[in-house]
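Residue-level structure breakdown
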Amino acid sequence: MENLQQPDEPKAQQTPLQPPPLPQTSTGQNPQVKKLINALVELKSRASLQLLGIQAAAIAVIGIVLALCYLIPLASMANESGSSSDYSDASFASQINSFKAFIALFGAMLGGGLKISGTGGGFGFSGEAHLALSLVSVTGILAICAANFVVVRKLKRSVRNGGWKSAALTSGLHALVLALVFLIISLFGKLSMEAMEFVSATVSPRYASVFFTIFLTIFLTQFLATAPLRYGPAAPLITGLREALFLLVTVVAVFAVVGIIVALINKDEDTPWSIYFFLIPLLGTLGSYLGALAFLGALAPNVSGVASSLAEFTGDSVPTTVFRIWDFADGKGAWLIVLTVVLVIVVAIRVGIHRTRTAGINWQRTWQLPVVSLVLWMLLAWLTSISLGGKISAGEMGEMSADISFGITWYSVIFLALGAAVVSILAELLPLQVYRFAPGLLTALGGKVATHRWVSGESQVPATPASAASADAQDPTVGTPTTAMPVTPPNEVATTSYAAVPAFAAPAPALEPASATSKKKAKIAGFGVLGIAVLVGLGIGAVAYLNSQRKPEAQVEQYLSLLAEGKAAKAGEMVDPGIDNASRALLTDEAMANTEQRLKVVDVKRDSKNDSSATVTATYSINGEQHEQQFSVDRGDKEFGLLDTWELNEPLLVPVKISTDQVSEVTVGKAKVQLNEGESFYDETPSTYTGDFYVYPGIYSVTAPSTDYQQTDVQELRANHPDDMEAAVTLTTTATDKLGKLVLDEVHKFSTACVTPPTNLDEGCPYELQAKDLESFSVKKQADDVMLDGMNSFESTDVTFKYKEADTEYIDYDEREIERSLKGEIDWSTGQPVVTVHGSSWW
């Protein structure tokens, strides 16, 4: 090689700390400054302005479409809430329908979120909050990247001639201009709202995020589209990147479609169709979430700061537990594992077809796919994380932080990388087996061109001078190339610069179709594997189905269904009432046998669930009146290590009080229960009986046994809800006609006794008749009726007595008449009435 070094010249003495002078051009200008000036001049050219216009238009169209997908459902909800709101100044509808709101959502889509600042106070309390909502639209970012890459490649076909530094400078200037343009647009999207003069808030896009999102997406995609390749397409990392992108896009796209289908199938009748516009900007997030679940990963919340204390107030609106594949679509999500297996096989075959066929497994090209996939999924997990957090200050409590986020867990990324490793290994094995036994399927999955190259053993990427020379140098079977490598002049920029790619394996031998015997054996093996797979799938499906029936809400629904059917005993076996035996006397099938109205299950829904328990709200109705009750359900031990178990430990009991004025035994439904004696004084027979019990919700008929002398009307006992006022019923006993006749007969006997010696001397008889010297006395007229005072005392109508005192030596007496009512008591202590007349009236 010619020595181009100039003769040494005497070195001038330099100051030790003085930096060397910058290289100067022939005109004395810094070359880096000149490149920047040239790039700025080129930016004003017609071609660059045209490119900038098309790039801006593409970003604007994507942003507008996705912003409308946010705006339409929000406006629909705001209009509904505004029409039902009594506070017109707090109506959100007037704000969301404004142009500022559209610009705010446009900026939110580009910047991946919103900033929310608010202040409020009242009743001696004040505070403020500064929060940031992160909701990145992966769909929007990918759309902008794809659109910008295609636009740049179409309008700048020869840009690679400028070198990678020139491409980076031009891409950076374009990205800077576009980022500034959309940042300025987003500045007009600031909303201000007030509610009831107590609360004010401002909502705006995240301006810094808008700038950096546009800058990075435009810079990277334009740089990739214009910069010269420094590595050949067959370089290991480039191949791994291409395969990892294909795997990631396939997983996200397939499971995004699955998510949409599931959402449409499970659509609630009350949910408007406009709500589903939300899914369009979040398709990338939806596909990423379901893809992570399908590879046995998980989604989990992360709550920190004062946000952790808000869970009891927010209910199910803030997730609190880890979400796995079997929690998706009420347990039916486990079937996605089958889809994942099929997806892995299909992707592995296609990836393998696009690799150069070798004689055996080339382990040196299997690690790139999982490594690059790990990096890509880490980035995607970060982008798809939904979070809300910031600072909150409340009066004297000072400033506090609050953060809530939800997204893909860290170990899910590892599972996805392991799945990519399985795909990479299967890519070395499956294409050969599929070709031998089903070549048509291989062509359908891999494409005709790629399959032809793979079958022929040709390289799947164009050969490059550097890679060919490197491969020839490492393969002793390859002769010395006859074509000399082109030499790039030192003053010209190389248009292509490929890194050397080592030859990983020896060329593959020619393929031969499988023999009939091999195909037969393969069919037997295939059907065997298929049978095992079907059995495994059925087993997984059976477990998923059984677990879907063993949801915590299923336990509550089963319990309420038993009560609705009047099966109190089985309900008690399922959930122990946890009360003493006396209080549970009415928790029987007999008590519910004649229930006029049992509860009817209206709805059972899960509010929240964690690893150990769940909260379920049930709605039931009694006689058309609806009631709600919240249950806490605890997770039990798994049966056979697979089946979930849930234990409901909260019974649905309503306390009741039953009272009577006469009898100690009552009948509820068909169940007879004894009441306790009420308070009595001076050893008197108690006049009331009471009992405290628990019953299941319903309307019960309560009565007491009837006899010949007393009867009790049927009363209605309404037990609606445990939190209602105590349900109580009082039975009033009334006398029969037979009891009145019995008392009247006793009155007649007593009045007769009062005119018959010696019983006329009894204390209860009229005092006029209590004499031994009466000449005559008799009952002129018996009482014709009695008046009962309750069930324990009575008074008769007047009895007419006539009597004549015996004449004396000095006085002759006339016959006299008196009218007296007789009084008495009725004793029920023996269960039968015992009538006792104990006195008469004074006049």
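A few words on the state of the cysteines. In total, this model carries 1 disulfide according to the counting rule given. The side chain of Cys754 participates in a disulfide bridge whose partner is Cys765; the two sulfur atoms lie 2.0 Å from each other. The S-S bond linking Cys754 to Cys765 shows a torsion near -85 degrees; that makes this disulfide left-handed. Taken together, the positions of Cys754 in the loop between α20 (737-753) and β23 (774-781) and Cys765 in the loop between α20 and β23 put the pair 11 residues apart, joining distant regions of the chain. Given a relative accessible area of 3%, Cys765 falls into the buried group.

Here we take up the sheet that holds strand β9 (residues 600-609). If you walk across this open sheet you meet the 4 strands as β9-β10-β11-β12, and the pairing is antiparallel. The open sheet has two edge strands, β9 and β12 (646-648), and neither has a second partner. For this sheet the average axis-to-axis angle between neighbouring strands, irrespective of direction, equals 30 degrees. Here strand β10 (residues 613-622) pairs with strand β11 (residues 625-635) via 10 bridges, running antiparallel. Pairing of Ser613 across the sheet is with Asp634, part of β11. Running at roughly 155 degrees to β9, helix α18 (residues 552-564) makes contact with β9, β10, β11 and β12 of the sheet.

This paragraph deals with the environment of Ser840. Structurally, Ser840 is set in strand β27 (residues 834-840). For Ser840 and Cys765, which are 75 residues apart along the polypeptide, the C-alpha to C-alpha distance reads 6.3 Å. Leave out the neighbours within four places in its chain, and Ser840 touches Gly764, Cys765, Pro766, Arg820, Ser821 and Leu822.

Moving on, we come to the side chain of Ser821. By the secondary structure assignment, Ser821 is in strand β26 (residues 816-827). At a separation of 2.9 Å, a polar atom in the side chain of Ser821 contacts the side chain of Glu795. The residues contacting Ser821, other than those within four sequence positions of it, are Glu795, Ser796, Thr797, Asp798, Gly839, Ser840 and Ser841.

About the cut-offs
Residues numbered from 1 in each chain as written. Predicted model: local features only at pLDDT ≥ 70, side-chain atom pairs only at ≥ 80, totals over all residues. Heavy atoms only, no water. Disulfide = S-S within 2.5 Å. Helix = DSSP H or I, 4+ residues; strand = E, 2+ residues; numbered from the N terminus. Buried < 20%, exposed > 50% of the residue type's maximum accessible area, 1.4 Å probe, protein only. Pairing = 2+ DSSP bridges. Axes fitted to C-alpha atoms, helices over the stretch in contact; angles between N-to-C directions. Contact = heavy atoms within 4.5 Å. Polar contact = N/O pair within 3.5 Å; in protein donor to acceptor, adjacent residues only side chain to side chain.

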